[in-house]
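An overview of the molecular structure
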Amino acid sequence: MEMTEMTGVSLKRGALVVEDNDSGVPAEETKKQKLSECSLTKGQVGLQNDFLSISEDVPGPPDTVSTGKGGKNSEAQLEDEEEEEADGLSEECEEEESESFADMMKHGLTEADVGITKFVSSHQGFSGILKERYSDFVVHEIGKDGRISHLNDLSIPVDEEDPSEDIFTVLTAEEKQRLEELQLFKNKETSVAIEVIEDTKEKRTVIHQAIKSLFPGLETKTEDREGKKYIVAYHAAGKKALAKVRTAADPRKHSWPKSRGSYCHFVLYKENKDTMDAINVLSRYLRVKPNIFSYMGTKDKRAITVQEIAVLKITAQRLAHLNKCLMNFKLGNFSYQKNPLKLGELQGNHFTVVLRNITGTDDQVQQAMNSLREIGFINYYGMQRFGTTAVPTYQVGRAILQNSWTEVMDLILKPRSGAEKGYLVKCREEWAKTKDPAAALRKLPVKRCVEGQLLRGLSKYGMKNIVSAFGIIPRNNRLMYIHSYQSYVWNNMVSKRIEDYGLKPVPGDLVLKGATASYIEEDDVNNYSIHDVVMPLPGFDVIYPKHKIQEAYREMLTADNLDIDNMRHKIRDYSLSGAYRKIIIRPQNVSWEVVAYDDPKIPLFNTDVDNLEGKPPPVFASEGKYRALKMDFSLPPSTYATMAIREVLKMDTSIKNQTQLNTTWLR
């Protein structure tokens, strides 16, 4: 096995390109029709545009997204926002890009900046375009039973206790809006009365079911008023009942059949949307809190992804109705189970990736793919672990570990070069000029990004209590910074390990026996391969290799003013226990083919939805203007598909490098 360094790679190869959205979104009339079918209330207007918008299963804490209240500027709003953050939900600041993405990325990171410098294979690299269309990158989750998740069944489990489909159409849009305002105590009404036109017992039953199903927390009764029948909706137990519904999301325990599992599991197919965005949208349409959903892993945005989701006490019927409302989403394969899903329960992910416009010869492709199948790739943490701006996330993580809270504040809020939205630039300039958190916060139209949350914390707790101010940021987002620093150290140490010792196990390396790490001894070295070797992410509960890489760890942390022998932090959340990670990963189920094509916009394989709709698979000519490499492979959790693709192409996958090579990033 040979190993090569990155320094010999030609920088004229390829381009990792993100194109404009090419999803074939239905025309405006179709959008209106879908919107009408869903009868959105006032608070949901605009969601129909949610689906017009680099991706794999990203390890570590998920990014989380939610919707701000907007418009209000009061203590009540602050309390509402804090309550939402208890769910770990924050919204990224968004704005249309006003300048060239290539210009914005001039100050971003390259792979070498985060320790990604080595290759394991000896083949000659070649050019190819990754993610020219987001549909060129498809991720199917592999469940804990080893089965690959597919969306192949849209039927609803038969349940005699389910209400009829009429519950979705029996209420008018105006009635739904009044009921939602009643449910959320947004008006002074204590009840809402709905006249029963064409009065029959069946019609009244459907209205009762519709209100109770669509507006958890409301009770109903039938009243006679002047000879007419009305269904009256009201709160059974005031705001406490609503609070229970909003937090515990326990919609009407008595209405859920005891014989049915409490969780509806389903397969979610989505295009160009990350997992938390998707769950937020589902929760808004269903009028429930996002924390009633559970999943095994988060999937990133720019891809087609298929994964299993579980939701507490929402019927398959209600979920299936969303298929009429949402574009670029599909829900199916419904079943009722006793338990939710848990993060990390998945066995991995199966990837189908198309690299378009490749320049490699058939021999080069064969060598590259054989090497990927037989040797694998270095299990680096990918570029998305470290952020895209001139202030990498690992620098913030390092400052947290150093207990340098003024530096943490400065790194997050100071002006910076690179990929920045206009309003963030203004916010940072105001902060640099005044150091007034309230003034800087006023420059942000949406307060739910990390900068907005930190500024709100500083406004609340003051500049002398940065620790508490930083604590307003959801826990997962805070820990992301520390995990980024661990990943940065790990990448650098693995590159040094491979440089010093190559691709064979040596005495003093670490291997796992069960969950326990142990050293490879001199007389035992032939019993292991490089695929058994692990290296630690720094922490208080790990051991380090018994060769010169141990000293390299110590030197790197010492240079960062950290004590490798004391990785406990006085704030418990920021104490690092450490972990072990294999240094080489060999993908499973590897297959590939080279296909010819003429039209760069045609899809080169069928998705689950294509198959459900009965579309025939694409037929390829023997000759074409372009050639594409279609790859299939499976990876365990917490590994990056882009690092496998990097090994095939032998090129830098960083956004900075790719945008310098190809400025058509956002054509």
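Only a predicted model underlies this, so the values are computations on that prediction, with no experimental measurement involved.

1. As for the overall build of the protein
- For the protein, the count of helices and strands is 20 helices and 21 strands.
- Per element, the accessible surface of the protein, about 29,300 Å² overall, is 46% carbon and sulfur.

2. Examining the pattern of salt bridges
- This model, assessed by the stated rule, comprises 21 salt bridges.
- Ionic pairing is found between Lys144 and Glu345, a salt bridge with its closest N-O pair at 3.6 Å. Residue Lys144 is located in the loop between strand 5 (137-142) and helix 4 (173-183), and its partner Glu345 is located in the loop between strand 12 (329-337) and strand 13 (348-356); the two are separated by 201 residues in the primary sequence.

3. Structural notes on the pairing of strand 6 (residues 191-195)
- Side-chain alternation along strand 6 places Val192 and Ile194 on a buried face and Ser191, Ala193 and Glu195 on a face that remains uncovered.
- Examined bridge by bridge, strand 6 and strand 8 (residues 228-235) share 5 bridges and lie antiparallel to one another. When the bridges of strand 8 are listed, Ile194 appears paired with Ile231.

4. Side note on the environment of Tyr544
- Relative to the assigned elements, Tyr544 resides in the loop between strand 17 (533-537) and helix 17 (548-559).
- According to the relative accessible area criterion, Tyr544 is buried, its value standing at 8%.
- For the pair Tyr544 and Val534, spaced 10 residues apart in sequence, the C-alpha to C-alpha distance is 10.0 Å.
- Beyond its immediate sequence surroundings of up to four residues, Tyr544 is in contact with Leu510, Tyr519, Pro536, Pro538, Gly539, Gln550, Tyr553 and Ile564.
- Among the polar contacts listed, one links the side chain of Tyr544 to the backbone nitrogen of Gly539, at a separation of 3.4 Å.

5. As for the sheet that holds strand 7 (residues 218-225)
- Spatially, 6-8-7 is the arrangement adopted by the 3 strands of the open sheet, whose pairing is antiparallel. Each edge of the open sheet carries a strand with a single partner, namely strand 6 and strand 7. Taking each pair of neighbouring strands and ignoring which way they run, the sheet shows an average axis angle of 25°.
- Contacts from helix 4 reach strand 6, strand 7 and strand 8, with the element oriented near 160° to strand 6.
- Here helix 5 (residues 201-214) sits on the sheet and contacts strand 6, strand 7 and strand 8; the angle it forms with strand 7, its principal contact strand, is near 150°.

6. A closer look at the environment of Ile304
- For Ile304, the position within the fold is in strand 11 (residues 304-312).
- Residue classification places Ile304 among the buried positions, given a relative accessible area of 2%.
- Excluding residues that lie within four positions of it along the chain, Ile304 makes contacts with Tyr134, Ser135, Phe137, Val138, Val139, Tyr269, Lys270, Glu271 and Thr607.

7. What about helix 19 (residues 641-649)?
- Burial within helix 19 is extensive, with 9 of its 9 residues counted as buried.
- Buried residues of helix 19: Ala641, Thr642, Met643, Ala644, Ile645, Arg646, Glu647, Val648 and Leu649, and no others.

8. Remarks on unusual backbone geometry
- For Asn561, which is not glycine, the phi dihedral falls at a positive 60°.
- Along the chain, the position of Asn561 falls in the loop between helix 17 and strand 18 (579-582).
- A relative accessible area of 64% places Asn561 in the exposed class.
- Positioned with a positive phi, Lys650 is a non-glycine residue whose angle comes to about 60°.
- Tracing the backbone through its elements, the reader meets Lys650 in the loop between helix 19 and helix 20 (655-661).

9. Looking at a positive patch on the surface
- A grouping of Lys426, Lys433, Arg442 and Lys443 is seen on the molecular surface, where their side chains present a positively charged patch.
- Here Lys433 is to be found in helix 12 (residues 422-434).
- Note on Lys433: relative accessible area 67%, which makes it exposed.

10. A look at the packing of aromatic side chains
- Following the criterion strictly, the structure yields 14 aromatic pairs and no others.
- Three or more aromatic residues joined by ring pairs form one cluster here, namely Phe386, Tyr394, Tyr485 and Tyr488.
- The positively charged end of Arg356 is found above the aromatic ring belonging to Tyr597, 5.3 Å away from the centroid.
- The ring of Tyr381 has Arg581 lying over it, and the distance from NZ or CZ to the ring centre is 3.8 Å.

11. Focus on the pairing of strand 11
- The buried fraction of strand 11 is high, at 8 of 9 residues.
- Judged from the 3 bridges that link them, strand 5 and strand 11 form a sheet pairing that is parallel. Pairing of His140 across the sheet is with Val306, part of strand 11.
- Looking at chain direction, strand 9 (residues 263-271) and strand 11 are connected through 9 bridges and run antiparallel. In the sheet register, Tyr263 faces strand 11, and the bridge partner there is Leu312.

12. Quick word on the sheet that holds strand 18
- Taking strand neighbours across the sheet as the criterion, the 4 strands line up as 16-15-17-18 in an open arrangement whose pairing is antiparallel. Taken across any chain shown, the strands that pair with only one partner, and hence form the sheet edges, are strand 16 (516-519) and strand 18. For this sheet, the mean inter-axis angle between neighbouring strands, taken without regard to orientation, is 55°.
- On top of the sheet, helix 16 (residues 475-501) reaches strand 17 and strand 18; it is set at about 145° to strand 17, its chief contact.

13. What to know about the confidence of the model for the protein
- The share of residues in the protein with pLDDT of 70 or more is 76%, and the mean pLDDT across the chain is 79.
- pLDDT under 50 marks residues 239-254. Its contacts with residues more than four places away, or in other chains, come to 28 contacts.
- Across residues 661-667 the pLDDT falls below 50, and counting only partners more than four positions away or on other chains, this stretch makes 25 contacts in the model.

14. Things to note about the packing of helix 10 (residues 393-401) against helix 16
- The N-to-C vectors of helix 10 and helix 16 enclose an angle of 100°; their axes lie 7 Å apart at closest approach. As judged from the angle between their axes, helix 10 and helix 16 are roughly perpendicular. Every residue of helix 16 that contacts helix 10 at Thr393, Tyr394, Val396, Gly397, Arg398, Ile400 and Leu401 is listed here: Arg478, Met480, Tyr481, Ile482, Ser484, Tyr485 and Tyr488.

Procedures and definitions
Residues numbered from 1 in each chain as written. Predicted model: local features only at pLDDT ≥ 70, side-chain atom pairs only at ≥ 80, totals over all residues. Heavy atoms only, no water. Helix = DSSP H or I, 4+ residues; strand = E, 2+ residues; numbered from the N terminus. Areas by Shrake-Rupley, 256 points an atom, 1.4 Å probe, with all protein chains shown as cover. Salt bridge = Lys/Arg side-chain N within 4 Å of Asp/Glu carboxyl O. Buried < 20%, exposed > 50% of the residue type's maximum accessible area, 1.4 Å probe, protein only. Pairing = 2+ DSSP bridges. Contact = heavy atoms within 4.5 Å. Polar contact = N/O pair within 3.5 Å; in protein donor to acceptor, adjacent residues only side chain to side chain. Axes fitted to C-alpha atoms, helices over the stretch in contact; angles between N-to-C directions. Patch = residues over 30% accessible without salt bridge, like charges linked within 9 Å, V, L, I, M, F, W, Y side chains within 5 Å. Lys, Arg positive; Asp, Glu negative; His and termini not counted. Charge placed at Lys NZ, Arg CZ, Asp CG, Glu CD. Phe/Tyr/Trp six-rings, centres within 6.5 Å; stacked < 30°, edge-to-face > 60°. Lys NZ or Arg CZ within 6 Å of the ring centre and 35° of its normal. pLDDT = per-residue confidence, 0-100. Parallel < 35°, antiparallel > 145°, perpendicular 65-115°, else oblique.

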